[in-house]
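Structural description and commentary
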Amino acid sequence: MKKVININFQGQVIAIEEDAYEILKQYIESLQDYFSHEEGGDEIVNDIESRIAELFGNRLKHGISCITDEDVEAIIESIGRPRDFDVDYEETRTAEPDASFNDHKARAGSTGSQAHSAEEPRRLYRNSGDQTIGGVCSGIAHYLKIDPVWVRIIFVLLFGLLFWVYIILWIVLKSRHLESNVTKRFYRNPGDRVLGGVCGGLAAYFKIDSWIPRVLFLLPLILNLIGMVSIFPLSRIFDHFDFNWNINGSMAVVYLVLWIIIPEAKTVKQKLEMMGEEEYIRSIREKVNDNAPGTKNRTNSNQPLHDTPPAPPAGTSYSAKTSSNAFSRAPEQSGCLNGLVVLLKIIFFTLVGIFALVLLSVFVGFLFTGTQLWPLKSLFIDSGYETHLLIISSCLLILVPVVSITAWIIRRLMKAKSRPVIGIIAAVLWIGGLATTGLLATRIVNKYNVESSSETTVNVAPVTATKMYVEMLPYHDDYSEFKVIYSRRSPFDNLPYCTINEDSLLYSNINLQVRNSTDSLFHVRAIAASRGRNLRSAKDDIMQFSYPILQNDSVLFLPEFLTVPIEQGFRNQSITVEISVPAGKSVEISDALSDYKNSEPPAVVRKRIRNFSRTYMPGDSNLTPKPQITLTTDTI
Amino acid sequence: MNVENTQSQMRKGVLEYCILSIIRKKEAYPGDIIDKMKGAGLQLLEGTLYPLLNRLKNAGVLSYRWVESTSGPPRKYFQLTPKGEEFYLLLQSTWNELASGVEALTRDQHETNDTGEIVDDA
């Protein structure tokens, strides 16, 4: 009984026995390995795959229900195994038996019988041959001729910053199978692993014993455990250190991240890159002596599947070849761990996907609030230079990505060739947009650099009555609201209104403070406060405030709004009216002003008011005539 | 010195010439080329042919176009570029020289051999 599976092979659905599929898969891997040194090697493999698909199609047409392993073997026989290909590698192999594994470039140059350029121009690609997500990092690493793992680590550390850069590069860069151009690389070591082989890889890279990184990873946990056993006499030493679960957790995260970003050394070449030549051959000798048990030869072929072109030095070639079989198969045996890796990757990508969605919604949210905030622009942004800056940066930041992503999608749909130049221009423009936005943001933030205040004493005619009444003088004309688009309880609560002829702004940011008078008279002070780029500009703004307080006998009229010229915009302008009440007299504040009574004046004003009372208890103006109803207990 | 190696070297030398001449007659996809080579009694593995075509293509000797196929994925049909035509003509003249030269040299061998055998028989 044999299990038949359906595979999508080169766009064709093929029914194939599982065994046959395994053989096919390994054969194609061996081809990939073999041609990976050839310029356009993946294209060759792809062409061969197409051919295989066609041959499958022919076979299936002749009425058989599925592809069996005999079919696959026959096709492989007709196409040939890597060792049968006699295009060239043989001659160079025999010609340079001492060639080390890392000069494929030179080899490719010497074998190329035709006049193809030996050294192609250095360009930035995405590397389809070594990718965690999109191959961007390893493409960059290839360009810089460094280990992709470093680039990936930088990317992970600066994830928030580089996310969009990554997306843009993903879109912009063409994908290509790139030959590794560093001789020593980080790999996870499948031959020396407990969990994912990360520590084994680290050990191989730094040429140390693998228990060292393992202990380092587990050190916080160990110390924690020691700390938990309180009987242990040394535990006190560790009391000073805060080895909590956070560190254990973060070590686990570090491990997971490394697990994901460090590729596993699968082929002989990768193992050579991982541990260096001599080291590798030594480890192979050990392996051969052990003669890895349980190596099941699935294909009944007797040559190694990973028939790697870069031959190890002549003397050791036999041992390397025979054991590559045993060695490279090792990961396949531990299906459980592989499943774990797959699971972790799924979780990782789900998280990344969620994160990307959040970023996208934030982006869209910004877009919406942007249009909502547009009417308020004049409050924060001067006309002229800053307005131009705003228009330029919003165009660059929003339109450029939208247009280029749309264009990219359309090109993808039309299957037109991608034009990286456009993408690069878009990326440059977008980064330019970031720069202008930063400039604008600093300019805006600078407007709130300092807070200034100035006080004026309002001349009050002596009030003979024992009670002073404070009333609101309503604004006499219509005014339009900036607030209309927000809920009442928004952080923009003290935004102004605009006068009907749009020459002034009306602020309701008025605070009313009541305190004891030092003499027997009522005193009224108005303290104006504003923020500005510097003290001078803040003071200049304050000079233009208009807040006429009127008195009619024992009634004090406070205007409903503070009026400032519209050019000032929003600088958190405020007026604090301080009424000093003499002993034995009281003040009654109209209900219309109740909004003003409890509000807190800005910090700069609080400093000016002695005995500032944060909470003002409004007494019931009609019912309970207390001697000093306006004072709270803490205002002495 | 093993004989297989020398044989494969000999075959390799003329392989490109044969392939180019097939393509020159009529644009062809790799399956055609394999069939025609087999028809002419020359064994050729796909695994050998594909990288060779790829290399010729990269060198600008060949160009290809996609043709939809009823029996599978689209096929690459190869044809000679002007550069390839030039390349082919150079190979052709070399081959003609080689063939006539080799023929001239080996004919003597054959004749002596033949006469020798005849003498033996007689």
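**With respect to the overall build of chain B**
Across its full length, chain B carries four helices and two strands. Considering only contacts in chain B between residues 6 or more positions apart, those separated by 24 or more positions represent 50%. When the accessible surface of chain B is totalled, it reaches about 7,400 Å², and 55% of it is carbon and sulfur.

**Overview of the overall build of chain A**
When its secondary structure is counted, chain A shows 21 helices and 16 strands. Out of the 636 residues belonging to chain A, those deemed buried represent 43%. Sequence-distant contacts, at least 24 apart, represent 71% of the contacts inside chain A between residues at least 6 apart. Total accessible area on chain A is roughly 33,900 Å²; 61% of this is exposed by carbon and sulfur atoms.

**Details of the nonpolar core**
In globular proteins that are soluble, nonpolar side chains generally tend to be buried together. Residue and element names in this part refer to chain A. Counting residues in each nonpolar core, the largest one holds 39 residues, and the members touching the most others are Ile549, Leu558, Val577 and Ile579. Considering each element in turn, this core owes the most residues, four residues, to strand E15 (residues 574-581). Every residue in contact with Leu558, bar those within four places of it in the chain, is listed here: Val470, Glu471, Met472, Leu473, Leu512, Tyr547, Ile549, Val577 and Leu593. Ranked by size, the runner-up nonpolar core spans 26 residues in total, among them Tyr34, Ile48, Phe56 and Val72.

**Remarks on the confidence of the model for chain A**
All names here are of chain A. Looking at chain A, pLDDT values average 72 and 70% of them are 70 or higher. Averaged pLDDT values for the elements of chain A fall to 37 in helix H4 (residues 89-95) and rise to 89 in strand E13 (residues 555-559). When the criterion is pLDDT under 50, residues 240-245 qualifies, and its contacts beyond four places in sequence or with other chains add up to nine contacts. Scored below 50 in pLDDT, residues 484-489 makes 10 contacts in the model with residues more than four places away or belonging to other chains.

**Some points on the packing of helix H6 (residues 136-144) of chain A against helix H7 (residues 148-157) of chain A**
Residues and elements named next belong to chain A. Closest axis-to-axis distance for the H6/H7 pair is 8 Å, and the angle between their directions is 130°. Classified by the interaxial angle, the pair formed by H6 and H7 is oblique. The two elements H6 and H7 cross, and the hand of that crossing is right-handed. Taken together, the residues of H7 that come into contact with H6 (itself represented by Cys137, Ser138, Ile140 and Ala141) are Pro148, Val151, Arg152 and Phe155. Its residues assigned to classes, the contact of H6 with H7 shows six nonpolar, one polar and one charged.

**So, unusual backbone geometry**
Comment: phi is negative for the bulk of residues other than glycine, and the bulk of peptide bonds are trans. Residue and element names in this part refer to chain A. If you check the backbone angles, Lys207 has positive phi at about 55° while not being a glycine. Position of Lys207 among the secondary structure elements: in the loop between helix H9 (198-206) and helix H10 (211-228). Overall, Lys207 belongs to the exposed group, its relative accessible area being 55%. With a phi close to 55°, Asn572 is a non-glycine residue in the positive phi region. In this fold, Asn572 is placed in the loop between strand E14 (562-565) and E15.

**Examining the interface of chain B and chain A**
Taken together, the contacts link 28 residues of chain B with 32 residues of chain A. Note on chain B versus chain A: buried area summed over both sides is about 2,600 Å², and carbon and sulfur give 49% of it. Here chain B is connected to chain A by five salt bridges. A salt bridge links Glu43(A) to Lys57(B); its shortest N-O distance comes to 2.6 Å. Across the chain B-chain A interface, the total number found is eight residue pairs in polar contact (both at pLDDT 80 or more). The element that contributes the greatest number of residues to the side of chain B that touches chain A is helix H3 (residues 46-58) of chain B, accounting for 11 residues. Taken together, the residues of the side of chain B that touches chain A break down into 10 nonpolar, 11 polar and seven charged.

**As for the sheet that holds strand E6 (residues 467-473) of chain A**
Residues and elements named next belong to chain A. In spatial order, the strands read E12-E13-E6-E16; together these four strands make up an open sheet with mixed pairing. On the outer flanks of this sheet lie strand E12 (550-552) and strand E16 (586-589), each paired with one strand and no other. Across the sheet, the axes of successive neighbouring strands diverge by a mean angle of 25°, strand direction being ignored. The sheet contact formed by E12 and E13 spans three bridges and is antiparallel. By the bridge assignment for E13, Asn552 is matched with Val555.

**Observations regarding the packing of aromatic side chains**
All names here are of chain A. All chains considered together, the criterion is met by 17 aromatic pairs over all chains. Their ring planes at 50° and their centres at 6.1 Å tell us that Phe9 and Phe56 sit as a pair that is tilted. Within this pair, whereas Phe9 is found in strand E1 (residues 4-9), its partner Phe56 is found in helix H2 (residues 41-61), the two being separated by 47 residues in sequence. Using a relative accessible area of 8% as the deciding quantity, one classes Phe9 as buried. Considering the side-chain rings of Tyr255 and Trp259, the 6.0 Å spacing of their centres and the 80° angle between planes classify their relative orientation as edge-to-face.

**Quick notes on the environment of Ala583(A)**
You can see Ala583(A) is positioned in the loop between E15 and E16. Residues Ala583(A) and Asn516(A) lie 67 residues apart in sequence; the distance between their C-alpha atoms is 7.1 Å.

**Quick notes on the side chain of Gln573(A)**
Residue and element names in this part refer to chain A. Structurally, Gln573 is set in the loop between E14 and E15. One polar contact links Gln573 to Tyr507, side chain to side chain, over a distance of 3.1 Å. For Gln573, the contacting residues outside a window of four places in its chain are Tyr507, Asn509, Ala529, Ser530, Phe545, Leu562, Val564 and Gln568.

**A few points about the side chain of Glu386(A)**
All names here are of chain A. Checked against the element boundaries, Glu386 lands in helix H17 (residues 385-414). Glu386 gets classed as buried once you look at its relative accessible area, which sits at 1%. A distance of 2.8 Å separates polar atoms of two side chains, one belonging to Glu386 and the other to Lys447. Each residue touching Glu386, except ones within four places of it in the same chain, is listed here: Phe380, Ile381, Leu440, Arg443, Lys447 and Arg533.

**Considerations on the sheet that holds strand E10 (residues 510-516) of chain A**
Where strands meet in a sheet, backbone hydrogen bonds hold them as pairs that are either parallel or antiparallel. All names here are of chain A. Spatially, the four strands line up as an open sheet ordered E5-E11-E15-E10, and their pairing is mixed. The two strands at the open ends of the sheet, each matched to only one other strand, are strand E5 (450-458) and E10. Each strand axis lies, on average, 20° off the axis of its neighbour in the sheet, ignoring direction. As paired strands, strand E11 (residues 523-532) and E15 are joined by seven bridges and run antiparallel to one another. Bridging across to E15, Arg525 finds its partner in Glu578.

**Brief notes about helix H2 (residues 30-39) of chain B**
The complete set of buried residues in H2(B) reads Pro30(B), Gly31(B), Ile33(B), Ile34(B) and Met37(B). For H2(B), the arc enclosing every buried residue in end-on projection is 165°, short of the 170-degree limit, so these residues lie on one face. Along H2(B), exposed side chains directed more than 90 degrees from the buried face belong to Asp35(B) and Gly39(B). Where the residues of H2(B) are buried, they touch H2 of chain A together with helix H1 (3-25), H3 and strand E2 (75-80) of chain B. Gly41(B) occupies a position one or two residues after H2(B) and carries a positive phi of about 85°.

**A short note on the environment of Lys3(A)**
Residues and elements named next belong to chain A. For Lys3, the location among the structural elements is in the segment before E1. Distance in space between the C-alpha atoms of Lys3 and Ala20 is 10.0 Å, their sequence separation being 17 residues. When residues no more than four places from it in sequence are discounted, the contact partners of Lys3 are Ile16, Glu17 and Glu18.

**Here's the deal with a nonpolar patch on the surface**
On the surface, a nonpolar cluster with roughly 920 Å² of combined accessible area is contributed by Val194(A), Leu195(A), Leu340(A), Leu343(A), Ile347(A), Leu351(A), Ile354(A), Val358(A), Val362(A) and Phe366(A). With respect to the element layout, Phe366(A) can be found in helix H15 (residues 335-373).

Definitions and cut-offs
Residues numbered from 1 in each chain as written. Chains lettered and ligands numbered in written order. Predicted model: local features only at pLDDT ≥ 70, side-chain atom pairs only at ≥ 80, totals over all residues. Heavy atoms only, no water. Helix = DSSP H or I, 4+ residues; strand = E, 2+ residues; numbered from the N terminus. Contact = heavy atoms within 4.5 Å. Areas by Shrake-Rupley, 256 points an atom, 1.4 Å probe, with all protein chains shown as cover. Buried < 20%, exposed > 50% of the residue type's maximum accessible area, 1.4 Å probe, protein only. Core = buried A, V, L, I, M, F, W, Y, C linked by side-chain atoms within 4.5 Å. pLDDT = per-residue confidence, 0-100. Axes fitted to C-alpha atoms, helices over the stretch in contact; angles between N-to-C directions. Parallel < 35°, antiparallel > 145°, perpendicular 65-115°, else oblique. Left-handed = near helix turned anticlockwise from the far one by under 90°. Nonpolar A, V, L, I, M, F, W, Y, C, P; charged D, E, K, R; others polar. Buried area = accessible area lost by both parts, 1.4 Å probe. Salt bridge = Lys/Arg side-chain N within 4 Å of Asp/Glu carboxyl O. Polar contact = N/O pair within 3.5 Å; in protein donor to acceptor, adjacent residues only side chain to side chain. Pairing = 2+ DSSP bridges. Phe/Tyr/Trp six-rings, centres within 6.5 Å; stacked < 30°, edge-to-face > 60°. Arc of directions from axis to C-beta. Patch = residues over 30% accessible without salt bridge, like charges linked within 9 Å, V, L, I, M, F, W, Y side chains within 5 Å.

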